[in-house]
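Results of the structural survey
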Amino acid sequence: MAPNPKVMEALGRAESSPSGDKAAAYEAMLRDIRQLSSPATAIDDLNAIADSFFGQALGVVATRAVMGEFVATLRELRDDGLCIAVGDRTLVLLASQPSSFLDATATIRELVATAHENREDFLDAAKALAEIPLDSSQRKVTDEQKARIWIRIVRNYLEVDDPTAAETFINKLKNIMHSVAVPDLQLHFRLSQARIQDSKREFLSASQGYHEISFSPAIADEERLHTLGMAIKCAILAPAGPARSRALGRLYKDERSVQLDEFGILEKMFLDRLLASQEVDKFAEGLQPHQLATTSDGSTVLAKAVVEHNLLGASKLYSNIRFEALGSLLGLDADRAEETTAKMIEQGRLVGRIDQLDGIVWFEGGEASGEKGSGRAEIIVGKEMRKWDANVQSLAEEVETVTNALQKEYPDFVAAHLVV
């Protein structure tokens, strides 16, 4: 579509004006753009104005002034589609100009990114922001300004579930956040870190990050509870072991946790109780897609976490158990039950030993250290017999204690009934 005739007429007057008046003529035209243009021709009108004043060789100072008015016009029109179309076209023109126009380039890229965000085109918004010149010697940019741009990029990449690209900019932020004393930027940085760890299935680190953020006075009570809920979900999804037990303990002791729907499953996991499938299915309804993703062995993150938790719970109930019975308890076949048990013992998340000939796992008391190889228990000859002897001795001592107490309190009754 061709530009509006009124705009073309105004452009003709501006181009024929004396050199010293051209910039003022373009600025006046842009201020009157609503009267000169129409919604149907607005994109072509603004593109024609940009082509015209860049082609007039107004000089750096005058062109900057016109560009300032041009950017103000884009803001005032409040049309995302127009802003993207005109902004992208203007950026092509600016690319052929001297580095004196880096500020204008940055401002237009931010406008274009905001328009993409409004339309929920988060990937395009991230790309537009990533091209903003932040390290040029021709333009001074503070750490706070860099942080604002990079955090927006991170959040946009996270909206399209691209933690890898987001992490690139988080790593840049790590180098400057120590000098940025703006609370909201610090909060967004920490939250973005936790979200990236969550997306990468680094659930223990993500849980700790979410939990710390949930204490921030900078967010509303409802948001604090939501963040606490995310911390609980991540802790539950983390691999079973000592580190997760400590994380569950911190969250269980947080007095706010009882207000959340996740508290029931949190309590059972903290107390090493076995989880029923109905409880797990209900918990799964509140998880995000990446938290329900399938792992390399074909199971979901949640299913794997539940199996490992129930295996730890079984270790508290049994001294030993055959793999057929353990598999039935965990909802696995005997081979998968043995494989899971062996892996947890090898990684130091469960203390025990496996008798492959008899198909039995022997659980040992005490907490695993979490260090690789530390879960394998030594085979001690006669250990079970000595444990049996100790239990018999303990029972005999308890009976003797009760008898002595009765003899002291009711000597006649004991003399009449005690058989020696």
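The structure we're discussing is the one just above.
We now turn to the structure provided with this report.

The rules behind each value
- Residues numbered from 1 in each chain as written.
- Predicted model: local features only at pLDDT ≥ 70, side-chain atom pairs only at ≥ 80, totals over all residues.
- Heavy atoms only, no water.
- Core = buried A, V, L, I, M, F, W, Y, C linked by side-chain atoms within 4.5 Å.
- Buried < 20%, exposed > 50% of the residue type's maximum accessible area, 1.4 Å probe, protein only.
- Helix = DSSP H or I, 4+ residues; strand = E, 2+ residues; numbered from the N terminus.
- Contact = heavy atoms within 4.5 Å.
- Polar contact = N/O pair within 3.5 Å; in protein donor to acceptor, adjacent residues only side chain to side chain.
- Pairing = 2+ DSSP bridges.
- Axes fitted to C-alpha atoms, helices over the stretch in contact; angles between N-to-C directions.

**Quick notes on the nonpolar core**
Judged by nonpolar contacts, the single largest core of 65 residues is most densely connected at Tyr26, Leu46, Ile49, Phe53, Met67, Phe70 and Leu173. A per-element tally of this core places helix α9 (residues 143-159) first, with eight residues. Residues contacting Phe53, with those up to four places away along its chain left out, are Tyr26, Leu58, Thr63, Val66, Met67 and Phe70. Ala194, Ala231, Leu260 and Phe263 belong to the second-largest nonpolar core, a separate cluster that totals 29 residues.

**Comments concerning the side chain of Ser214**
Structurally, Ser214 can be placed in the loop between α12 (203-213) and α13 (221-237). Of the polar contacts made by the side chain of Ser214, one reaches the backbone oxygen of His211; its length is 2.6 Å. When near neighbours in sequence (up to four residues on either side) are disregarded, Ser214 contacts Arg224, Thr227, Leu228 and Arg256.

**Concerning unusual backbone geometry**
Notably, Glu120 is not glycine yet its phi reads approximately 60°, a positive angle. Note on placement: Glu120 falls in the loop between α7 (102-118) and α8 (122-130). Here Arg201, not a glycine, exhibits a phi torsion of approximately 65°, which is positive. Within the fold, Arg201 resides in the loop between α11 (183-199) and α12.

**Some points on the environment of Gly286**
With respect to the helices and strands, Gly286 occurs in the loop between α16 (277-284) and α17 (301-317). Overall, Gly286 belongs to the partly exposed group, its relative accessible area being 38%. Put simply, Gly286 and Asp135 are 151 residues apart on the chain and 42 Å apart in space, counted from C-alpha to C-alpha.

**Observations concerning the sheet that holds strand β3 (residues 360-363)**
On the basis of which strands lie adjacent, the open sheet formed by three strands has the order β1-β3-β2 and antiparallel pairing. Edge strands, defined here as strands with exactly one partner in the open sheet, are β1 (320-322) and β2 (352-355). Taken pair by pair, the neighbouring strands of this sheet meet at an average axis angle of 20°, ignoring direction. Bridge count between β1 and β3: three bridges; the pairing is antiparallel. Within β3, the position partnered with Ile321 by the bridge is Val361. Helix α18 (residues 323-330) contacts β1, β2 and β3 of the sheet and is inclined by roughly 90° relative to β1.

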